[in-house]
Amino acid sequence: IASSDSSKEELDNYAEAGGIAEEVLGSIKTVAAFNGQNFENSRYGAPLKKSQNLGIKKAAFSGFANGFFNLAMYSVYFIAFWYGAELVIAEDYDIGTKLIVFFGVVIGGFGMSMVGTNMEHIATAQAAAFSVFEIIDRIPEIDVYSEKGEKPEIQGKIQFCNVDFTYPARTETGVLSNVSFTAEAGKTTAFCGPSGCGKSTCFQLIQRFYDAAQGQVLIDGKNIKDINLAWFRQNVGVVSQEPILFEGTVEENITLGRLDVTKEEIITACKQANALDFIQKLPSAWDTQVGEGGATLSGGQKQRVAIARALVRNP
(Lines give C-alpha, C1' and ligand atoms only; values in the text may rest on other atoms or scores of the structure.)
Protein backbone atom coordinates (compact mmCIF):
# COMPACT_ATOMS: atom_id res chain seq x y z
CA ILE A 1 0.00 0.00 0.00
CA ALA A 2 2.85 2.37 0.91
CA SER A 3 4.53 1.68 -2.44
CA SER A 4 1.27 2.34 -4.29
CA ASP A 5 0.77 5.66 -2.47
CA SER A 6 4.37 6.67 -3.23
CA SER A 7 3.90 5.80 -6.90
CA LYS A 8 0.73 7.90 -7.10
CA GLU A 9 2.41 10.86 -5.42
CA GLU A 10 5.41 10.47 -7.72
CA LEU A 11 3.18 10.49 -10.81
CA ASP A 12 1.32 13.56 -9.48
CA ASN A 13 4.65 15.38 -9.03
CA TYR A 14 5.74 14.50 -12.57
CA ALA A 15 2.37 15.77 -13.86
CA GLU A 16 2.85 19.04 -11.94
CA ALA A 17 6.35 19.46 -13.38
CA GLY A 18 5.06 18.74 -16.88
CA GLY A 19 2.33 21.37 -16.46
CA ILE A 20 4.91 23.96 -15.37
CA ALA A 21 7.13 23.12 -18.35
CA GLU A 22 4.22 23.40 -20.80
CA GLU A 23 3.14 26.72 -19.28
CA VAL A 24 6.64 28.21 -19.39
CA LEU A 25 7.51 27.00 -22.89
CA GLY A 26 4.19 28.30 -24.17
CA SER A 27 4.98 31.75 -22.72
CA ILE A 28 8.74 31.71 -23.21
CA LYS A 29 8.84 35.26 -24.64
CA THR A 30 7.18 36.65 -21.52
CA VAL A 31 9.47 34.63 -19.23
CA ALA A 32 12.54 35.86 -21.10
CA ALA A 33 11.27 39.45 -21.12
CA PHE A 34 11.09 39.45 -17.31
CA ASN A 35 14.36 37.49 -16.97
CA GLY A 36 12.50 34.76 -15.11
CA GLN A 37 14.43 31.74 -16.42
CA ASN A 38 16.11 30.96 -13.10
CA PHE A 39 12.88 31.36 -11.15
CA GLU A 40 10.96 29.09 -13.53
CA ASN A 41 13.83 26.60 -13.46
CA SER A 42 13.62 26.38 -9.67
CA ARG A 43 9.82 26.13 -9.83
CA TYR A 44 10.14 23.24 -12.29
CA GLY A 45 12.75 21.53 -10.12
CA ALA A 46 10.69 21.61 -6.90
CA PRO A 47 8.22 18.81 -7.82
CA LEU A 48 11.05 16.84 -9.45
CA LYS A 49 12.99 17.01 -6.17
CA LYS A 50 9.96 15.56 -4.39
CA SER A 51 9.78 12.78 -6.98
CA GLN A 52 13.49 12.10 -6.53
CA ASN A 53 13.06 11.65 -2.77
CA LEU A 54 10.05 9.41 -3.30
CA GLY A 55 11.97 7.42 -5.91
CA ILE A 56 14.83 6.85 -3.47
CA LYS A 57 12.43 5.64 -0.79
CA LYS A 58 10.61 3.43 -3.26
CA ALA A 59 13.87 1.97 -4.58
CA ALA A 60 15.02 1.26 -1.01
CA PHE A 61 11.76 -0.55 -0.31
CA SER A 62 12.03 -2.46 -3.57
CA GLY A 63 15.64 -3.39 -2.83
CA PHE A 64 14.71 -4.62 0.65
CA ALA A 65 11.88 -6.70 -0.82
CA ASN A 66 14.21 -8.21 -3.44
CA GLY A 67 16.82 -8.97 -0.80
CA PHE A 68 14.25 -10.59 1.48
CA PHE A 69 12.85 -12.82 -1.23
CA ASN A 70 16.35 -13.81 -2.39
CA LEU A 71 17.17 -14.67 1.20
CA ALA A 72 14.06 -16.82 1.30
CA MET A 73 14.99 -18.55 -1.96
CA TYR A 74 18.56 -19.34 -0.89
CA SER A 75 17.28 -20.47 2.51
CA VAL A 76 15.11 -22.96 0.62
CA TYR A 77 18.24 -24.17 -1.19
CA PHE A 78 20.01 -24.67 2.14
CA ILE A 79 17.13 -26.52 3.77
CA ALA A 80 16.59 -28.71 0.72
CA PHE A 81 20.20 -29.82 0.45
CA TRP A 82 20.72 -30.24 4.21
CA TYR A 83 17.46 -31.94 5.12
CA GLY A 84 17.38 -33.91 1.84
CA ALA A 85 20.79 -35.37 2.64
CA GLU A 86 19.58 -36.28 6.14
CA LEU A 87 16.55 -38.08 4.65
CA VAL A 88 18.69 -39.97 2.13
CA ILE A 89 20.97 -41.19 4.92
CA ALA A 90 18.45 -41.80 7.71
CA GLU A 91 15.18 -42.57 5.90
CA ASP A 92 16.51 -44.39 2.82
CA TYR A 93 15.10 -41.73 0.47
CA ASP A 94 16.29 -42.20 -3.11
CA ILE A 95 18.02 -39.36 -4.97
CA GLY A 96 15.22 -39.07 -7.54
CA THR A 97 12.55 -38.31 -4.91
CA LYS A 98 14.86 -35.83 -3.24
CA LEU A 99 15.49 -33.98 -6.53
CA ILE A 100 11.77 -33.88 -7.37
CA VAL A 101 11.00 -32.27 -4.03
CA PHE A 102 14.05 -30.01 -4.29
CA PHE A 103 13.16 -28.61 -7.73
CA GLY A 104 9.51 -28.22 -6.77
CA VAL A 105 10.47 -26.12 -3.76
CA VAL A 106 13.17 -24.21 -5.70
CA ILE A 107 10.80 -23.25 -8.51
CA GLY A 108 8.23 -22.17 -5.93
CA GLY A 109 10.86 -20.12 -4.10
CA PHE A 110 12.01 -18.56 -7.38
CA GLY A 111 8.43 -17.56 -8.11
CA MET A 112 8.20 -15.93 -4.68
CA SER A 113 11.42 -14.01 -5.32
CA MET A 114 9.96 -12.60 -8.57
CA VAL A 115 7.09 -11.07 -6.60
CA GLY A 116 9.50 -8.59 -5.05
CA THR A 117 10.86 -7.61 -8.45
CA ASN A 118 7.40 -6.84 -9.83
CA MET A 119 5.86 -5.15 -6.78
CA GLU A 120 7.15 -1.74 -7.88
CA HIS A 121 5.59 -2.11 -11.34
CA ILE A 122 2.32 -3.34 -9.83
CA ALA A 123 2.23 -0.31 -7.51
CA THR A 124 2.89 2.09 -10.39
CA ALA A 125 0.15 0.44 -12.47
CA GLN A 126 -2.30 0.69 -9.55
CA ALA A 127 -1.56 4.40 -9.11
CA ALA A 128 -2.02 5.08 -12.85
CA ALA A 129 -5.18 2.98 -13.04
CA PHE A 130 -6.66 4.79 -10.04
CA SER A 131 -6.49 8.16 -11.85
CA VAL A 132 -7.94 6.67 -15.05
CA PHE A 133 -10.85 4.91 -13.34
CA GLU A 134 -11.52 8.00 -11.20
CA ILE A 135 -12.13 9.95 -14.41
CA ILE A 136 -14.17 7.13 -16.01
CA ASP A 137 -16.39 6.74 -12.93
CA ARG A 138 -16.94 10.48 -12.46
CA ILE A 139 -20.50 11.52 -13.19
CA PRO A 140 -20.49 15.14 -14.44
CA GLU A 141 -23.21 17.47 -13.17
CA ILE A 142 -23.50 18.94 -16.68
CA ASP A 143 -23.64 16.16 -19.29
CA VAL A 144 -22.91 17.47 -22.78
CA TYR A 145 -23.73 14.05 -24.30
CA SER A 146 -27.23 13.89 -22.81
CA GLU A 147 -30.08 13.51 -25.31
CA LYS A 148 -32.54 15.15 -22.92
CA GLY A 149 -33.76 18.70 -23.20
CA GLU A 150 -35.76 20.89 -25.55
CA LYS A 151 -34.56 22.18 -28.92
CA PRO A 152 -36.57 25.38 -29.34
CA GLU A 153 -36.23 28.07 -31.97
CA ILE A 154 -33.74 30.54 -30.51
CA GLN A 155 -34.41 34.25 -30.93
CA GLY A 156 -31.58 35.31 -28.62
CA LYS A 157 -33.11 37.05 -25.61
CA ILE A 158 -31.01 36.32 -22.51
CA GLN A 159 -32.16 36.96 -18.94
CA PHE A 160 -30.38 36.56 -15.61
CA CYS A 161 -32.87 36.32 -12.76
CA ASN A 162 -31.37 36.81 -9.26
CA VAL A 163 -28.32 34.70 -10.07
CA ASP A 164 -25.82 33.75 -7.36
CA PHE A 165 -22.61 31.91 -8.25
CA THR A 166 -19.31 30.76 -6.74
CA TYR A 167 -16.65 28.72 -8.50
CA PRO A 168 -16.36 25.11 -7.22
CA ALA A 169 -12.64 25.59 -6.49
CA ARG A 170 -13.32 28.78 -4.45
CA THR A 171 -16.62 28.22 -2.70
CA GLU A 172 -15.77 30.78 0.01
CA THR A 173 -15.51 33.62 -2.56
CA GLY A 174 -18.75 34.86 -4.09
CA VAL A 175 -18.51 35.94 -7.74
CA LEU A 176 -22.10 36.86 -8.57
CA SER A 177 -24.70 37.92 -6.02
CA ASN A 178 -28.35 38.50 -6.94
CA VAL A 179 -27.48 39.50 -10.52
CA SER A 180 -30.37 40.31 -12.84
CA PHE A 181 -30.27 41.78 -16.35
CA THR A 182 -31.81 41.34 -19.79
CA ALA A 183 -29.93 41.22 -23.11
CA GLU A 184 -32.49 41.76 -25.86
CA ALA A 185 -32.37 39.73 -29.07
CA GLY A 186 -30.91 41.51 -32.09
CA LYS A 187 -29.28 44.22 -30.01
CA THR A 188 -25.73 44.80 -28.79
CA THR A 189 -25.29 44.56 -25.03
CA ALA A 190 -22.07 45.71 -23.35
CA PHE A 191 -20.93 44.63 -19.88
CA CYS A 192 -18.85 47.24 -18.10
CA GLY A 193 -17.12 46.92 -14.77
CA PRO A 194 -13.81 46.48 -12.99
CA SER A 195 -11.66 43.38 -13.39
CA GLY A 196 -13.00 40.48 -11.35
CA CYS A 197 -16.59 41.73 -11.10
CA GLY A 198 -17.99 38.69 -12.97
CA LYS A 199 -18.32 39.74 -16.61
CA SER A 200 -16.57 36.65 -18.01
CA THR A 201 -18.38 34.48 -15.46
CA CYS A 202 -21.74 35.56 -16.90
CA PHE A 203 -20.65 34.35 -20.34
CA GLN A 204 -19.52 31.04 -18.89
CA LEU A 205 -22.97 30.61 -17.32
CA ILE A 206 -24.60 31.45 -20.67
CA GLN A 207 -22.46 28.72 -22.33
CA ARG A 208 -23.39 26.51 -19.36
CA PHE A 209 -19.87 25.59 -18.37
CA TYR A 210 -21.30 26.03 -14.86
CA ASP A 211 -24.77 26.19 -13.35
CA ALA A 212 -25.94 29.04 -11.13
CA ALA A 213 -26.07 28.25 -7.40
CA GLN A 214 -29.27 30.30 -7.07
CA GLY A 215 -31.54 31.98 -9.59
CA GLN A 216 -32.07 31.20 -13.28
CA VAL A 217 -30.47 31.87 -16.64
CA LEU A 218 -33.21 32.11 -19.27
CA ILE A 219 -32.93 31.88 -23.06
CA ASP A 220 -36.10 33.30 -24.68
CA GLY A 221 -37.90 32.68 -21.37
CA LYS A 222 -36.76 29.03 -21.08
CA ASN A 223 -34.42 27.88 -18.32
CA ILE A 224 -31.09 27.02 -19.93
CA LYS A 225 -31.06 23.78 -17.90
CA ASP A 226 -34.15 22.59 -19.83
CA ILE A 227 -32.48 23.07 -23.24
CA ASN A 228 -30.44 20.29 -24.86
CA LEU A 229 -26.87 21.39 -24.21
CA ALA A 230 -25.12 19.98 -27.32
CA TRP A 231 -27.81 21.43 -29.59
CA PHE A 232 -27.67 24.78 -27.79
CA ARG A 233 -23.90 25.11 -28.17
CA GLN A 234 -24.17 24.28 -31.87
CA ASN A 235 -26.32 27.39 -32.24
CA VAL A 236 -24.08 29.76 -30.29
CA GLY A 237 -20.96 31.52 -31.56
CA VAL A 238 -18.31 32.65 -29.07
CA VAL A 239 -15.08 34.60 -29.48
CA SER A 240 -13.23 34.94 -26.20
CA GLN A 241 -10.77 37.64 -25.09
CA GLU A 242 -7.84 35.38 -25.99
CA PRO A 243 -9.05 33.21 -28.92
CA ILE A 244 -7.34 29.87 -29.43
CA LEU A 245 -6.49 28.55 -32.88
CA PHE A 246 -5.57 24.94 -33.51
CA GLU A 247 -2.50 23.76 -35.36
CA GLY A 248 -3.43 23.51 -39.05
CA THR A 249 -4.25 25.84 -41.91
CA VAL A 250 -6.31 29.01 -41.77
CA GLU A 251 -9.12 27.33 -43.71
CA GLU A 252 -9.12 24.27 -41.42
CA ASN A 253 -9.45 26.50 -38.37
CA ILE A 254 -12.42 28.36 -39.84
CA THR A 255 -14.02 25.05 -40.91
CA LEU A 256 -14.04 23.92 -37.27
CA GLY A 257 -16.92 26.34 -36.74
CA ARG A 258 -19.09 24.09 -38.94
CA LEU A 259 -17.66 20.99 -40.54
CA ASP A 260 -19.98 21.04 -43.58
CA VAL A 261 -19.31 24.68 -44.46
CA THR A 262 -18.66 25.57 -48.10
CA LYS A 263 -15.81 27.70 -49.44
CA GLU A 264 -18.27 30.43 -50.41
CA GLU A 265 -19.60 30.57 -46.85
CA ILE A 266 -16.03 30.75 -45.50
CA ILE A 267 -15.27 33.70 -47.79
CA THR A 268 -18.49 35.47 -46.72
CA ALA A 269 -17.70 34.95 -43.03
CA CYS A 270 -14.15 36.25 -43.55
CA LYS A 271 -15.50 39.38 -45.24
CA GLN A 272 -17.85 39.96 -42.27
CA ALA A 273 -14.92 39.46 -39.87
CA ASN A 274 -12.66 41.81 -41.89
CA ALA A 275 -10.20 38.93 -42.31
CA LEU A 276 -10.28 38.27 -46.07
CA ASP A 277 -7.65 40.84 -47.07
CA PHE A 278 -4.92 39.73 -44.69
CA ILE A 279 -5.62 36.01 -45.34
CA GLN A 280 -5.11 36.49 -49.08
CA LYS A 281 -1.78 38.19 -48.36
CA LEU A 282 -0.43 35.31 -46.26
CA PRO A 283 2.37 33.19 -47.85
CA SER A 284 0.02 30.35 -48.78
CA ALA A 285 -3.27 32.24 -48.33
CA TRP A 286 -5.93 29.77 -47.07
CA ASP A 287 -3.37 26.95 -46.76
CA THR A 288 -1.02 28.91 -44.48
CA GLN A 289 -0.14 26.97 -41.33
CA VAL A 290 -1.10 29.01 -38.24
CA GLY A 291 1.24 27.05 -35.93
CA GLU A 292 0.53 25.87 -32.41
CA GLY A 293 -2.05 28.18 -30.84
CA GLY A 294 -1.92 30.43 -33.90
CA ALA A 295 1.69 31.41 -33.17
CA THR A 296 2.42 32.58 -36.74
CA LEU A 297 -0.41 35.15 -36.68
CA SER A 298 -0.61 38.43 -34.80
CA GLY A 299 -3.12 38.91 -31.97
CA GLY A 300 -5.53 40.86 -34.15
CA GLN A 301 -5.30 38.33 -36.98
CA LYS A 302 -6.07 35.48 -34.58
CA GLN A 303 -9.13 37.36 -33.33
CA ARG A 304 -10.45 37.93 -36.85
CA VAL A 305 -9.96 34.27 -37.81
CA ALA A 306 -11.78 33.30 -34.60
CA ILE A 307 -14.64 35.69 -35.45
CA ALA A 308 -14.89 34.12 -38.92
CA ARG A 309 -14.91 30.66 -37.30
CA ALA A 310 -17.86 31.76 -35.14
CA LEU A 311 -19.75 33.37 -38.02
CA VAL A 312 -19.65 30.38 -40.40
CA ARG A 313 -22.15 28.52 -38.21
CA ASN A 314 -24.60 31.45 -38.55
CA PRO A 315 -25.12 31.50 -34.78
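Just so we're clear, the structure is a prediction, and the values are computed from it rather than from any experiment.

### A few points about the pattern of salt bridges
- Counting across every chain of the model gives seven salt bridges.
- The partner of E23 in a salt bridge is R43, with the nearest N and O atoms 2.9 Å apart. Of this pair, E23 sits in helix α1 (residues 2-26) while R43 sits in helix α3 (residues 37-90), and the two are 20 residues apart along the sequence.
- Residue class for E23 comes out partly exposed when judged on its relative accessible area of 47%.
- Classification of R43 by relative accessible area gives partly exposed; the value is 30%.
- When the shortest N-O distance is used, the salt bridge between E251 and K263 registers 3.7 Å. With E251 in helix α7 (residues 250-255) and K263 in helix α8 (residues 263-272), this residue pair connects regions lying twelve residues apart in the sequence.
- Taking relative accessible area as the criterion, E251 reaches 22% and is therefore assigned partly exposed.
- According to the relative accessible area criterion, K263 is partly exposed, its value standing at 33%.
- Sharing partners across several salt bridges, the network here consists of E23, E40 and R43.

### Thoughts on the side chain of S51
- Along the chain, S51 turns up in helix α3.
- Take S51: its relative accessible area is 1%, and that puts it in the buried class.

### Here's the deal with the packing of aromatic side chains
- Evaluated as defined, the whole model comprises seven aromatic pairs.
- Both rings, one in F165 and one in Y167, keep their centres 4.9 Å apart while their planes meet at 80 degrees; by these two values the pair is edge-to-face. As far as burial versus exposure is concerned, F165 and Y167 are alike and both buried.
- Ring geometry for F181 against F191: centres 4.9 Å apart, planes inclined by 80 degrees, an arrangement best described as edge-to-face. Here F181, found in strand β2 (residues 176-183), pairs with F191, found in the loop between β2 and α5 (199-206); they are ten residues apart in sequence, far enough to count as distant.

### Things to note about the pairing of strand β3 (residues 214-219)
- Of the pairings in the sheet, the one linking strand β1 (residues 158-165) to β3 comprises five bridges and is antiparallel in character. Paired with Q159 across the strands is L218, a residue of β3.
- Two strands pair when backbone bridges link them, and β3 and strand β4 (residues 222-223) are joined in this way by two bridges, in the antiparallel orientation. Along β4, the bridge assignment pairs L218 with N223.
- Between β3 and β4, which pair antiparallel one after the other, the connecting turn spans two residues, and D220 there sits at a positive phi close to 55 degrees.

### Some details on the sheet that holds β2
- Pairing within the open sheet is antiparallel, and its four strands lie in the order β2-β1-β3-β4. Edge strands, defined here as strands with exactly one partner in the open sheet, are β2 and β4.
- Those strands touched by α5 are β1, β2 and β3, and its axis lies near 110 degrees from that of β1.

### Let's talk about unusual backbone geometry
- Phi at N35 is positive, roughly 55 degrees, even though this residue is not glycine.
- Note on placement: N35 falls in the loop between α2 (28-33) and α3.
- The class of N35 is exposed, set by a relative accessible area of 63%.

### Overview of a nonpolar patch on the surface
- Taken together, the side chains of F78, I79, W82 and Y83 make up a nonpolar region of the molecular surface, amounting to roughly 480 Å² of accessible area.
- Looking at the secondary structure, you find F78 in helix α3.
- Residue class for F78 comes out exposed when judged on its relative accessible area of 56%.

### Digging into the environment of P152
- Tracing the backbone through its elements, the reader meets P152 in the loop between α4 (95-137) and β1.
- Separated by 76 residues in sequence, P152 and N228 place their C-alpha atoms 9.1 Å apart.
- Contacts of P152, omitting those with residues within four sequence positions, involve K222, I227 and W231.

### Re the environment of E141
- You can see E141 is positioned in the loop between α4 and β1.
- Spatially, the C-alpha atom of E141 lies 25 Å from that of A128, the residues being 13 residues apart in sequence.

Definitions and cut-offs
- Residues numbered from 1 in each chain as written.
- Predicted model: local features only at pLDDT ≥ 70, side-chain atom pairs only at ≥ 80, totals over all residues.
- Heavy atoms only, no water.
- Salt bridge = Lys/Arg side-chain N within 4 Å of Asp/Glu carboxyl O.
- Helix = DSSP H or I, 4+ residues; strand = E, 2+ residues; numbered from the N terminus.
- Buried < 20%, exposed > 50% of the residue type's maximum accessible area, 1.4 Å probe, protein only.
- Phe/Tyr/Trp six-rings, centres within 6.5 Å; stacked < 30°, edge-to-face > 60°.
- Pairing = 2+ DSSP bridges.
- Contact = heavy atoms within 4.5 Å.
- Axes fitted to C-alpha atoms, helices over the stretch in contact; angles between N-to-C directions.
- Patch = residues over 30% accessible without salt bridge, like charges linked within 9 Å, V, L, I, M, F, W, Y side chains within 5 Å.
- Areas by Shrake-Rupley, 256 points an atom, 1.4 Å probe, with all protein chains shown as cover.

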